Amino acid sequence: MGRIAGWLVLLALGTLCGSWYGSGVSATLIAGLLASLAAGALCEWLLPAPGSMCGGALVSLLAMFIPVWLFFLPALAFEAGVGLGTMVLATGSADLKDTQTKDSVLASLRQLLALLPAFFWLIPAITDLILFRGLTQGYALLVLLTSALTQGGGLACAHLAVAKGREWQIEDTERYRIRQLHGRINDLDEERAQATRMAHLSERTRIARDIHDNVGHLLTRAIMQVQAGRVVAQSKGDQSTERILDDVGKTLNEAMTTIRRSVHDLEDEGTDFASQMEDASSEASMGRLKVDLNNGIETAPAPVCRCLATIVREALTNTVRHSSARSAQVILCDLPAFWQMVVQDDGGSQQSQPDSRGMGLADMEARARALGGTANSGPNRQGWKVFVSLPKEPWSDHSAAEHGEDRKVMA
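Residues numbered from 1 in each chain as written. Predicted model: local features only at pLDDT ≥ 70, side-chain atom pairs only at ≥ 80, totals over all residues. Heavy atoms only, no water.

- Per an unreviewed UniProt entry, the protein chain is named histidine kinase, and its organism is Bifidobacterium mellis.
- Of the protein chain, the UniProt comment under Catalytic activity (unreviewed entry) reads exactly: "ATP + protein L-histidine = ADP + protein N-phospho-L-histidine." (UniProt positions renumbered as here; feature names shortened; annotations may be inferred.)

**Quick look at the overall build of the protein chain**
Argument step 1. Counting its secondary structure elements, the protein chain contains 12 helices and 5 strands.
Argument step 2. Looking at the 411 residues of the protein chain, the share that counts as buried comes to 36%.
Argument step 3. Look at the contacts in the protein chain between residues 6 or more apart in sequence, and 73% of them connect residues 24 or more apart.
Argument step 4. Within the structure as shown, the protein chain displays about 23,700 Å² of accessible surface, and the carbon and sulfur contribution to it stands at 60%. (Helix = DSSP H or I, 4+ residues; strand = E, 2+ residues; numbered from the N terminus. Buried < 20%, exposed > 50% of the residue type's maximum accessible area, 1.4 Å probe, protein only. Contact = heavy atoms within 4.5 Å. Areas by Shrake-Rupley, 256 points an atom, 1.4 Å probe, with all protein chains shown as cover.)

**A closer look at the state of the cysteines**
Argument step 1. Tallied over the full model, the rule gives 0 disulfides.
Argument step 2. With no disulfide of its own, C54 has C43 as its nearest cysteine by sulfur position, at a separation of 9.6 Å.
Argument step 3. The partly exposed category is assigned to C54, whose relative accessible area is 41%. (Disulfide = S-S within 2.5 Å.)

**What about the sheet that holds strand β4 (residues 374-380)?**
Argument step 1. Taken together, 5 strands build an open sheet; the order of strands is β1-β2-β3-β5-β4 and the sheet is mixed. For this open sheet the edge positions go to β1 (290-295) and β4, each flanked by a neighbour on one side alone. Direction aside, neighbouring strands of the sheet carry axes that sit 10 degrees apart on average.
Argument step 2. Sheet topology note: the β1/strand β2 (residues 327-334) ladder contains 6 bridges and is parallel. In the sheet register, N294 faces β2, and the bridge partner there is I331.
Argument step 3. Sitting on the sheet, helix α9 (residues 273-285) is in contact with β1 and β2, with an inclination near 165 degrees to β1.
Argument step 4. Along the sheet face, helix α11 (residues 359-370) touches β4 and β5 (383-391) and points at about 145 degrees away from the line of β4. (Pairing = 2+ DSSP bridges. Axes fitted to C-alpha atoms, helices over the stretch in contact; angles between N-to-C directions.)

**Considering the packing of aromatic side chains**
Argument step 1. In total, this model carries 4 aromatic pairs according to the counting rule given.
Argument step 2. Note on Y21 and Y139: the rings are 5.5 Å apart at their centroids and 80 degrees apart in plane angle, and the pair reads as edge-to-face. Within this pair, whereas Y21 is found in helix α1 (residues 2-21), its partner Y139 is found in helix α7 (residues 135-236), the two being separated by 118 residues in sequence.
Argument step 3. Consider the rings of F71 and Y139, whose centres lie 5.8 Å apart with planes at 65 degrees: the pair is edge-to-face. Remark: Y139 occurs in helix α7 and F71 occurs in the loop between α3 (54-62) and α4 (73-98); sequence separation between them is 68 residues. (Phe/Tyr/Trp six-rings, centres within 6.5 Å; stacked < 30°, edge-to-face > 60°.)

**A word on the UniProt feature "transmembrane region" (unreviewed entry) in the protein chain**
Argument step 1. Within this numbering scheme, the UniProt entry marks residues 27-47, 54-77, 112-132 and 139-162 as carrying the feature "transmembrane region" (unreviewed entry).
Argument step 2. The distance separating the terminal C-alpha atoms of residues 112-132 is 31 Å; by composition the span is 67% helix and 0% strand.
Argument step 3. This span, residues 139-162, is 100% helix and 0% strand, and a straight line between its end C-alpha atoms measures 34 Å.

**Points about the confidence of the model for the protein chain**
Argument step 1. In this model, the protein chain carries an average pLDDT of 79, and 84% of its residues clear a pLDDT of 70 or more.
Argument step 2. Predicted confidence in the protein chain is weakest over helix α12 (residues 400-410), with a mean pLDDT of 39, and strongest over strand β3 (residues 338-345), with 92.
Argument step 3. Scored below 50 in pLDDT, residues 95-102 makes 7 contacts in the model with residues more than four places away or belonging to other chains.
Argument step 4. In the predicted structure, residues 397-411 sits below a pLDDT of 50 and forms 22 contacts with residues beyond four places in sequence or in another chain. (pLDDT = per-residue confidence, 0-100.)

**Observations regarding the pattern of salt bridges**
Argument step 1. If you walk through the whole model with that rule in mind, you get 9 salt bridges.
Argument step 2. Its salt-bridge partner being R192, residue D189 comes within 3.5 Å of it at the nearest N-O pair. Of this pair, D189 and R192 both sit in helix α7, 3 residues apart, which is roughly one turn of that helix.
Argument step 3. Residue D189 is classed as partly exposed on the basis of its relative accessible area, which comes to 34%.
Argument step 4. Across the pair D363 and R367 runs a salt bridge, and its minimum N-O distance is 3.1 Å. Taken together, the positions of D363 and R367, both in helix α11 and 4 residues apart, correspond to about one turn of that helix.
Argument step 5. Assessed through its relative accessible area of 30%, D363 is described here as partly exposed.
Argument step 6. Look at the salt bridges and you will find they share partners, linking R230, D246 and K250 into a network. (Salt bridge = Lys/Arg side-chain N within 4 Å of Asp/Glu carboxyl O.)

Below you can see the structure in the form of structure tokens.
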């Protein structure tokens, strides 16, 4: 912006000097101003093309025949200096490579011819300096010196613009690298948080399994022993011992119920529903199927999670083995009273599942029924669809016994 402002100031000064030299503003002076404006605008528009300075060179040559145009030479020289510096900086490296080839001489000539119009302002200035004497010669000398200075200023402006461009490029590169580093740091933080969370979940699952396998079995054996002792005491008519064993049995049953509830809570907390669904989808696709997972369920009890993950694996495995599908969609919805899942592929309804009552489909239906739900499958649109609906009511903590039965079924 400062460069254009300086060029306009030079045009304004040239107009003032021309009006003073010609004793007023004439049509010829206005024509020179407009021609200089057009030449400068053309140069700005075409930079750094080789022909960008031709307009200014033409106006400079016309100044040989129109003396009043001589005062516009500083502005034309300034714009020629800008074009000269821009072209040299923009094409210097390319031309240097060309000079190292067999056509080095031709390349040098082409470069010289492209830069030659930047010095055409010298022709009218030197011509007037030679041909005229007196005041006109003084004006020509002043214009020559001023034009040389303004061309140097144009070259400096071009170098400054290129330097600013390189500075901005370096700043943009550094900002891009900083953004990349921040993004990488955020990814590492997320991966670390996810790894920590998965470790916590795995530890909870291990604790629940250990309690179930060790303490649960010992309590079950103790309950059976107390019940056997109570039967023996009852057969012998020892009512005192029978009452004591009955109280002990109730206490053990309460302990067993509490342990079962704690095991279920630990197991549910140790189950990452989203990770299980992602793992099931990626494993079953075998890299041959593009799976779009749309998970709307944040969390669910461990048996429900295992049931849905198993059905996803079975449905996608059937799609890979028995169809020509290239993609499948898995949609999981968390409704007020149900968990629902839809697996839809695009493999063609006649190819997707040749055995509509195969063992895999029967197993999916059995798993859904074991949790009080339903599973249906069949042709839909251009592929095969599996629909599963599991009620939330059995998981409302009605009784610990219900949870125990569901665990036995899923096991």
